[in-house]
Amino acid sequence: MVGAVVSGKIADRLGRRMVSWLLDAGRLLIGYGIGVLSYVVPVYIAEISPQNLRGAFTTVNQLMICVGVSVMWLIGTFFPWRTLALIGIIPCLLQVIGLFFIPESPRWLAKIGMWEDCESALHRLRGKNVKIFEEAAEIRDYTKTLHQLSETRVFDLFQPTYAKSLIVGVGLMVLQQLGGVNAIAFYVDSIFISAGFSSTIGSIAMVIVQVPFTLLGVLLMDISGRRPLLMVSAAGTCLGCFLTGISFLLQDLQVNNWFSPILALVGVLVFSGSFSLGMGGIPWVIMSEIFPINIKGSAGSLVTVVNWFGSWVVSYAFNFLMKWSSEGTFFMFASICCSTVLFVAKLVPETKGRTLEEIQASMNPLISN
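Residues numbered from 1 in each chain as written. Predicted model: local features only at pLDDT ≥ 70, side-chain atom pairs only at ≥ 80, totals over all residues. Heavy atoms only, no water.

Peer 1: Teacher, can you tell me more about the nonpolar core here?
Peer 2: Looking at soluble globular proteins, one finds that nonpolar side chains tend to be buried together. Within the largest apolar cluster, 57 residues are counted, with the highest numbers of intra-cluster contacts made by Leu 172, Leu 230, Ile 286, Met 287, Phe 291, Phe 330 and Val 348. Ignoring any residue separated from it by four or fewer positions in sequence, one finds Ile 286 in contact with Val 168, Leu 172, Arg 226, Leu 230 and Val 348. Leu 109, Leu 122, Ile 132 and Ile 139 belong to the second largest nonpolar core, which has eight residues in total. (Core = buried A, V, L, I, M, F, W, Y, C linked by side-chain atoms within 4.5 Å. Buried < 20%, exposed > 50% of the residue type's maximum accessible area, 1.4 Å probe, protein only. Contact = heavy atoms within 4.5 Å.)

Dropping the structure here:
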């Protein structure tokens, strides 16, 4: 807000170049905040939620992100980006205020030895009349086991003890990003224009599709389980990329020019809806479930860095790839999405209906032994 108030005077006194530096600083701070929140929020939600609702609660985070992005997409079709930046201050302030009213994670409190505060937080989360002794005992026993191990650094993660958790966590994040989601999200206007379709209509249609499919994913999360939803979602993104690639191929071959733009729209909508169904949120859910508390900080940082690094690579390379071959780019994304189905089928465990301690013990058997 301070920056907004003084922006005009700064521009007049210091020139436009200094304003660009302030803009870069603002973008840097936003990126830093998103990098922290993208890890902390799903982990916090997973650690406070009952096991039978943990998947749905964690995916609600992705639903809210989807709703927020969709609303800003729609507002952005009518208002300039400076107005969007000012509007973005409102939810940030609400979030800061809300932090004063939420309890600390019971599992984190147990990790640092604050057992009474751990039980107090569980009572606050579950209700005063709910018996929390069994859950508290399980947290206590597992935490005591982990206390026998030292707090890990990033390089300590690359041990056989944590191999399976690390492969699953990093693998899902890599495949999520290399499947092309942020390339499509960031360049959707240019994709539709290249395909000969209205970018405004296409963007609005994509927004309309994303929210209900994300909501459907929330509802199915703790019913169907993580693995089936992930495989259906990845298969759908594969189909969406394949259809978009076909549309560009038809355009290059000058075959059915009236059909090519429609096929591009269908492909992007199938991709967006399918991604919102599972691939958008479930990797973050599983990441928040599979790492023991003693490595959760280091592992979470690594996984989140991998995710955003993948996002940067794909976003940066997309324009070059499109110049190389538009259809080839989307066929490449389709092949990665197809490999995601195989990865999930072979390596990703089902975590539905299990406590965090049960999941982590099964993923890291050397610890439980």
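More follows now that the structure is in view.
Peer 1: Explain the packing of helix H15 (residues 296-324) against helix H16 (residues 326-347) to me, please; I cannot follow it from the model alone.
Peer 2: Helix-helix packing is characterised by the crossing angle of the two axes and by the distance between the axes. For the pair H15 and H16, the least separation of the axes is 6 Å and the interaxial angle reads 135°. Classed by the angle they form, the pair H15 and H16 counts as oblique. Across the interface between the two elements, Val 314, Phe 318, Leu 321, Met 322 and Trp 324 of H15 pack against Ser 326, Gly 328, Thr 329, Phe 330, Met 332 and Phe 333 of H16. Partitioning the contact of H15 with H16 into residue classes produces eight nonpolar, three polar and no charged. (Axes fitted to C-alpha atoms, helices over the stretch in contact; angles between N-to-C directions. Helix = DSSP H or I, 4+ residues; strand = E, 2+ residues; numbered from the N terminus. Parallel < 35°, antiparallel > 145°, perpendicular 65-115°, else oblique. Nonpolar A, V, L, I, M, F, W, Y, C, P; charged D, E, K, R; others polar.)

Peer 1: Explain the state of the cysteines to me, please; I cannot follow it from the model alone.
Peer 2: Working definition: the covalent bond between the sulfur atoms of two cysteines is a disulfide. Summed over all chains, the structure comprises zero disulfides. No disulfide involves Cys 238; its sulfur sits 4.9 Å from the nearest other cysteine sulfur, which is in Cys 338. By relative accessible area, which is 19% here, Cys 238 ends up buried. (Disulfide = S-S within 2.5 Å.)

Peer 1: Help me out: how do you make sense of a nonpolar patch on the surface in this one?
Peer 2: Residues Val 305, Phe 309, Trp 312, Val 313, Tyr 316 and Phe 320 make up a contiguous nonpolar surface patch of about 680 Å² in total accessible area. Looking at the secondary structure, you find Val 313 in helix H15. (Patch = residues over 30% accessible without salt bridge, like charges linked within 9 Å, V, L, I, M, F, W, Y side chains within 5 Å. Areas by Shrake-Rupley, 256 points an atom, 1.4 Å probe, with all protein chains shown as cover. Salt bridge = Lys/Arg side-chain N within 4 Å of Asp/Glu carboxyl O.)

Peer 1: Is there a simple way to explain the packing of aromatic side chains in this structure?
Peer 2: In this description, a pair of aromatic rings is defined by centroid distance and the angle of the planes. Counted according to the given criterion, the structure contains 10 aromatic pairs. On the basis of an interplanar angle of 10° and a centroid distance of 5.7 Å, the ring pair of Phe 248 and Phe 330 is categorised as stacked. Taken together, the residues span a long stretch of sequence, with Phe 248 in helix H12 (residues 226-253) and Phe 330 in helix H16 at a distance of 82 residues. Assigned by exposure class, Phe 248 and Phe 330 land together as buried. Pairing Tyr 316 with Phe 320 gives two aromatic rings, centres 5.7 Å apart and planes at 50°, and the pair type is tilted. Of the two residues, Tyr 316 and Phe 320 are both situated in helix H15; the distance of four residues between them amounts to about one turn of the helix. (Phe/Tyr/Trp six-rings, centres within 6.5 Å; stacked < 30°, edge-to-face > 60°.)

Peer 1: How should the side chain of Asn 182 be read in this particular structure?
Peer 2: As for its position among the elements, Asn 182 is in helix H9 (residues 181-186). Setting aside its immediate chain neighbours within four residues, Asn 182 contacts Gln 177, Tyr 187, Ser 311 and Ser 315.

Peer 1: Is there a simple way to explain empty space enclosed by the protein in this structure?
Peer 2: To find the voids left in a structure, one rolls a probe of water-molecule size over its atoms. With the rule as written, the count across this model stands at three cavities of 30 Å³ or more. One number sums up the size of the largest cavity: a volume of about 70 Å³. Along its surface, the largest cavity is lined by 11 residues, and Arg 107, Tyr 142, Ile 293, Glu 357 and Gln 360 are the ones closest to its centre. Counting residues per element, the ones that place at least two in the lining of the largest cavity are helix H7 (133-147) and helix H17 (356-363). In terms of residue count, the dominant contributor to the lining of the largest cavity is H7 (four residues). Taken together, the residues of the lining of the largest cavity sort by class into five nonpolar, two polar and four charged. Roughly 50 Å³ of volume is contained in the second largest cavity. (1 Å grid on protein atoms, 1.4 Å probe; cavity = no way out; pocket = protein on both sides within 12 Å on 5 of 7 lines; lining within 4 Å. Points joined across faces, edges and corners; volume = space filled by probe spheres on them.)

Peer 1: Even after reading the chapter, I still don't get the layout of surface pockets, so can you show me in this structure?
Peer 2: Roughly 190 Å³ of volume is contained in the second largest pocket. What lines the second largest pocket is a set of 14 residues, among which Gln 51, Arg 107, Glu 135, Glu 138 and Thr 355 lie closest to the centre. Those elements that place two or more of their residues in the lining of the second largest pocket are H7 and H17. Considering every element that reaches the lining of the second largest pocket, the biggest residue donor is H7, with four residues. In the lining of the second largest pocket, the residues fall into four nonpolar, three polar and seven charged.

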